[in-house]
Amino acid sequence: MSTKLSVDKGALSIIETLQEEGHTTYLVGGAVRDLLLDIEPKDYDISTTATPEDVKRIFGRAARIIGRRFKIVHIYKGRNIYEISTFRRMPTEEERKGRFDDEGLMVWRDNEWGTPEEDAFRRDFTANALFMDPVNNNEILDYCGGQEDIKNGVVRSLGAPSIRFEEDPVRMLRALKLVGQYGFKLEKSVAKAIQDLGPKMCLVSQRRLYEEILKITYKPCAASTFKACHDEGLLQYLLPEMAEMLSGEDAPAFLELIRTRDEKVKVGSSLSRAYSLATLCYRFVEKKLCPESKFGDGWEPFDGIDLKVREAVEEFLQPYHVTRLVSARVRDVLLLQRRFKILKGRNKTRRHPEFHYAWLLFNTLAESLEWDKEITEPWINDDTLVNKRPKNLRKRKPKQS
Ligand code: ATP
Ligand code: MG
């Protein structure tokens, strides 16, 4: 397998520098997978024999060591951040016995240095365990049949999935992301292990799971990813209210709404949480405010609606504790929806700090529900609305899982 795309210059120069310093260094993980699928990677992970301290010494102030027990290095180049990790291997039984937090099968950190081959086998799926050497003709190192599985679109676990998912239940969600993002199929034992071990998701920290859910919204395939999670029975452990919605009559309209959002993300509209989370919450909030409503009917205002909307947002996103700032922003994006339907006070509506994201959600609803032009025209065709993204909201790189 080869790639038509070229590796990002920043990643290439980091790999070149480390190789010149005598360290075996490759591109790894999702970036290699994406390049082989002819998709532009969103971030670049690099693995090397250099220790974090070596990397820091070589790159100086551009490099920052992150984490205390599981150290990796971030290198800042232009607007990009590159993640450099040292080849590691899985801990042995003996090593794990001595660790207070590696109880049962759960493994928190594989922290022993290893060879590239050992590093490949500690990863989650064969499609994520390939190395690429962009300095030497994009040579691929494939220790576990990853290329074949990418070609055939198969999610195959490295090691028995029943054990690997007990070690780290987030791998189940990562398997379904491959299904949602690329249309891969789960290998039989992977599907079975997800069915059996879904409830183990509750052992994962809420913070980590919330980050994973946000990461799903950064990609233009949230609808297919959440659907894959639902089809395989995992969504009930991630977002129980969404799982319930996907089992009911609102499922087709909900998925269409998220698909329309995905299209907007694809063309670079917005990675804002306020927009994405409001899109996910919209129908749940609408039903809370107005149980008899049909999808997209909206609601009438009443005293105390602010609090009610915010509570509904928090309920939908349970079990995660979203910050008050985020839930307040999502609330505002939702509350503004009503103002688009009444044309009074358009200038005031436009001046609202969340106007841009509220307007995006309005557009998304209008497109997915095929609303009458009469409702949308006064706003949709208003040139002054385009490119009004608030300043100073920098895109953040999602943290590594
Ligand atoms: P994305 O395109 O979302 O970045 P990714 O596969 O690169 O997908 P990352 O979170 O960037 O995801 O992880 C980089 C690599 O680290 C993965 O490709 C995989 O090899 C390995 N990895 C990440 N999480 C796990 C995990 N929970 N268990 C084992 N290996 C993991
Ligand atoms: Mg990645």
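Heads up: these notes are all about the structure in this document. (Residues numbered from 1 in each chain as written. Chains lettered and ligands numbered in written order. Predicted model: local features only at pLDDT ≥ 70, side-chain atom pairs only at ≥ 80, totals over all residues. Heavy atoms only, no water.)

**Notes on the packing of aromatic side chains**
Each aromatic ring pair is described using two quantities: the centre-to-centre distance and the angle formed by the ring planes. We apply this condition: Aromatic contacts are taken between Phe, Tyr and Trp rings whose centres are within 6.5 Å, Trp giving its six-membered ring; a plane angle under 30 degrees counts as stacked, one over 60 as edge-to-face, and the others as tilted. To qualify as a helix, a DSSP run of H or I must reach at least 4 residues; to qualify as a strand, a run of E must reach at least 2; elements of each kind are numbered from the N terminus. A 1.4 Å probe rolled over the protein chains alone gives each residue an accessible area, and that area as a share of the maximum for its type sets the label: buried under 20%, exposed over 50%, partly exposed in between.
Counted by the stated rule, this structure contains 14 aromatic pairs. Between Tyr44 and Tyr82, the ring centres sit 6.5 Å apart and the planes meet at 45°, which makes this aromatic pair tilted. On the criterion of sequence distance, the pair formed by Tyr44 in the loop between α2 (30–36) and β2 (45–48) and Tyr82 in strand β5 (residues 80–86) is long-range, its members being 38 residues apart. Taking the relative accessible area as the measure of exposure, Tyr44 reaches 6% and is therefore buried. For Tyr82, a relative accessible area of 3% gives the class buried. Ring plane angle 35° and centroid distance 5.9 Å describe the contact between Tyr282 and Trp299, whose orientation is recorded as tilted. Pair noted here: Tyr282 is in helix α15 (residues 273–289) and Trp299 is in the loop between α15 and α16 (305–316), with a separation of 17 residues, a long-range link. Residue Tyr282 is classed as buried on the basis of its relative accessible area, which comes to 2%.

**Considering the site of ligand 1**
Our working definition: Throughout this document, a residue counts as near a molecule or strand when at least one of its heavy atoms sits within 4 Å of that molecule or strand. Distance and chemistry together define a polar contact, namely a pair of N or O atoms within 3.5 Å, with one atom able to donate a hydrogen and the other to accept it when in protein, and with adjacent residues in sequence counting only for side-chain atoms on both sides. Calculation of accessible area relied on Shrake-Rupley with a 1.4 Å probe; when residues are assessed, cover is drawn exclusively from the protein chains displayed. Charged means Asp, Glu, Lys or Arg here, nonpolar means Ala, Val, Leu, Ile, Met, Phe, Trp, Tyr, Cys or Pro, and polar covers whatever is left, Gly included.
As a structural note, the neighbourhood of ligand 1 is formed by 18 residues, with Arg123, Asn128, Asp168, Arg171 and Lys219 the closest of them. One nitrogen or oxygen atom from the main chain of Gly30 is found 3.1 Å from an oxygen atom belonging to ligand 1. In this structure, Arg174 approaches ligand 1 through a side-chain N or O atom, which is 3.0 Å from an oxygen atom. For ligand 1, whose free accessible area comes to 590 Å², the fraction covered by protein is 91%. Mapped onto the shell around ligand 1, the elements with two or more residues apiece are α2, α8 (170–182) and α10 (206–217). Tallied by class, residues from the shell around ligand 1 come to no nonpolar, 5 polar and 13 charged.

**Side note on the coordination of the magnesium ion (ligand 2)**
This is how it is decided: Ligating atoms shown are N, O and S within 2.8 Å of the metal, or 3.2 Å for Na, K and Ca, and water is not included, meaning a site may look less than complete.
Distances from the magnesium ion (ligand 2) to its protein donors, Asp43 (OD) and Asp45 (OD), fall at 2.6 to 2.8 Å. Among the residues examined, Asp43 registers a relative accessible area of 18% and is labelled buried. On the basis of relative accessible area, Asp45 is assigned to the buried category, the value being 18%.

**A few points about the nonpolar core**
Filter applied, for reference: Put simply, a nonpolar core is a bunch of buried Ala, Val, Leu, Ile, Met, Phe, Trp, Tyr and Cys residues held in one set by side-chain atoms that sit within 4.5 Å of each other. Delimitation of the domains relies on an automatic or database domain assignment.
Grouped together as the largest cluster of nonpolar side chains are 106 residues, with contacts concentrated most on Leu27, Leu238 and Leu334. Top contributing element to this core by residue count: α15, with 10 residues. Both domains that meet at this core, namely domain 1 (1–152) and domain 2 (249–380), each give it at least three residues. Counting 9 residues, the second largest nonpolar core, distinct from the first, contains Tyr26, Val28, Phe87 and Ala120.

**A short note on the environment of Phe284**
Counted only if it meets this: Any two residues whose heavy atoms approach within 4.5 Å are treated as being in contact.
Mapped onto the fold, Phe284 is located in helix α15. Sequence separation between Phe284 and Phe316 is 32 residues; the distance between their C-alpha atoms is 6.9 Å. Setting aside residues no more than four positions away along its own chain, Phe284 makes contact with Glu241, Met245, Ala312, Glu315 and Phe316.

**Remarks on helix α14 (residues 251–266)**
In an α-helix, one turn spans 3.6 residues, which is why side chains three or four residues apart end up on the same side. Under the convention used in this document: The length a helix should cover is 1.5 Å for every residue beyond the first.
Compared with an ideal rise of 1.5 Å per residue, which puts 16 residues at 22 Å, α14 spans 22 Å between its outermost C-alpha atoms and is within 8% of the ideal. Ala251, Phe254, Leu255, Leu257, Ile258, Thr260, Arg261, Asp262, Lys264 and Val265 are the residues of α14 that are buried. Looking at the buried side of α14, the elements it contacts are α10, α11 (222–231), α13 (240–246), α15 and α19 (355–368). After α14 finishes, the residue Gly268 shows a positive phi value of roughly 85°.

**Re the sheet that holds strand β9 (residues 139–141)**
Strands belonging to one sheet form pairs held by backbone hydrogen bonds; the direction of such a pair is parallel or antiparallel. For clarity, the cut-off: Strand pairing follows a simple DSSP-based rule, namely that at least 2 bridges must link the two strands. Comment: axis = line fitted to C-alpha atoms, over the contacting stretch for helices; angle = value between 0 and 180 degrees taken between N-to-C directions.
One open sheet accounts for 7 strands, arranged β3-β4-β5-β2-β1-β8-β9; its pairing is mixed. Edge positions in the sheet fall to β3 (63–66) and β9, since each of these pairs with one other strand and no more. Strand after strand, the sheet turns through a mean of 35° between neighbouring axes, direction not considered. With 5 bridges connecting them, strand β4 (residues 72–77) and β5 associate as antiparallel partners. The residue of β5 that forms the bridge with Val73 is Ile84. Lying over the sheet, helix α3 (residues 52–59) contacts β2, β3, β4 and β5, oriented at roughly 160° with respect to β3.

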